[in-house]
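Spelled out from the first residue to the last, the chains are:
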Amino acid sequence: MVRVAFTVALLVAVAGVAVPAVEYAGIQRSDTAVRDAVDRIVAEARALAAGNDALPPDARPARRTVSVAFPTGGFASAGIERFGVARPPRTAGPDAAVRTAERADPAATRFTWRVAGGTEHAVVADGVRVRTAPAERLRVDGETRLVLELVAVDGRPVVRIR
């Protein structure tokens with residue numbers, strides 16, 4: 001009877017240590033997967049912008065389709081709760097008067113995400129404007145197919161993502 005009680009107590013202790021470690025590893029794994037997806041989106045957007053001219057949205061602009069893998073909830077991984085693509089937040093500085101137009105819509109993109117149980121992450125990719133279409137919300141989960149279009153918005157090249 002003592003051996004059974006000792007064995008059960010030992011299993012509970014091992015599980016108490018192992019379960020949080022597996023959860024932490026799953027969150028880290030999922031964050032890395034999202035970061036890899038962001039890197040792939042940025043690379044495809046830069047390649048699209050470098051090899052084509054931006055056209056008005058109604059003029060059949062250049063487009064690319066990219067498939068990226070976003071994490072789903074499961075054993076040793078955490079599902080994605082939130083993913084966003086937007087312009088970076090405005091910052092004040094000594095050159096504010098000179099770069100007002102660029103600050104209004106800088107040639108940069110801010111990607112934000114959060115996986116279940118994790119913290120909010122943000123990455124700014126310089127040199128490319130990636131935006132969602134107006135009034136459109138981006139939904140990602142698992143293997144996601146995204147369409148990138150190079151359009152001209154107010155005379156600036158913008159890669160629209162949907």
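Please refer to the structure higher up on the page.
Summarised in this report is the structure supplied together with it. Not measured: the values here are computed from a predicted model.

1. Re the sheet that holds strand β4 (residues 121-126)
Part 1: Spatially, the three strands line up as an open sheet ordered β2-β3-β4, and their pairing is antiparallel. Either end of the sheet is taken by a strand with one partner, and the two such strands are β2 (80-86) and β4. The mean inter-strand angle of the sheet, taken between neighbouring strand axes irrespective of direction, is 15 degrees.
Part 2: Across six bridges, β2 lies against strand β3 (residues 108-115) in antiparallel orientation. In the sheet register, Ile80 faces β3, and the bridge partner there is Val115.

2. Some points on the environment of Thr144
Part 1: Within the secondary structure, Thr144 is located in strand β6 (residues 143-153).
Part 2: Placed 107 residues apart in sequence, Thr144 and Ala37 show a C-alpha to C-alpha distance of 9.8 Å.
Part 3: In contact with Thr144, not counting residues within four places along its chain, are Val66, Ser67, Val68, Phe70 and Arg139.
Part 4: A polar side-chain atom of Thr144 sits 3.1 Å from the main-chain amide nitrogen of Asp141.

Cut-offs applied
Residues numbered from 1 in each chain as written. Predicted model: local features only at pLDDT ≥ 70, side-chain atom pairs only at ≥ 80, totals over all residues. Heavy atoms only, no water. Pairing = 2+ DSSP bridges. Helix = DSSP H or I, 4+ residues; strand = E, 2+ residues; numbered from the N terminus. Axes fitted to C-alpha atoms, helices over the stretch in contact; angles between N-to-C directions. Contact = heavy atoms within 4.5 Å. Polar contact = N/O pair within 3.5 Å; in protein donor to acceptor, adjacent residues only side chain to side chain.

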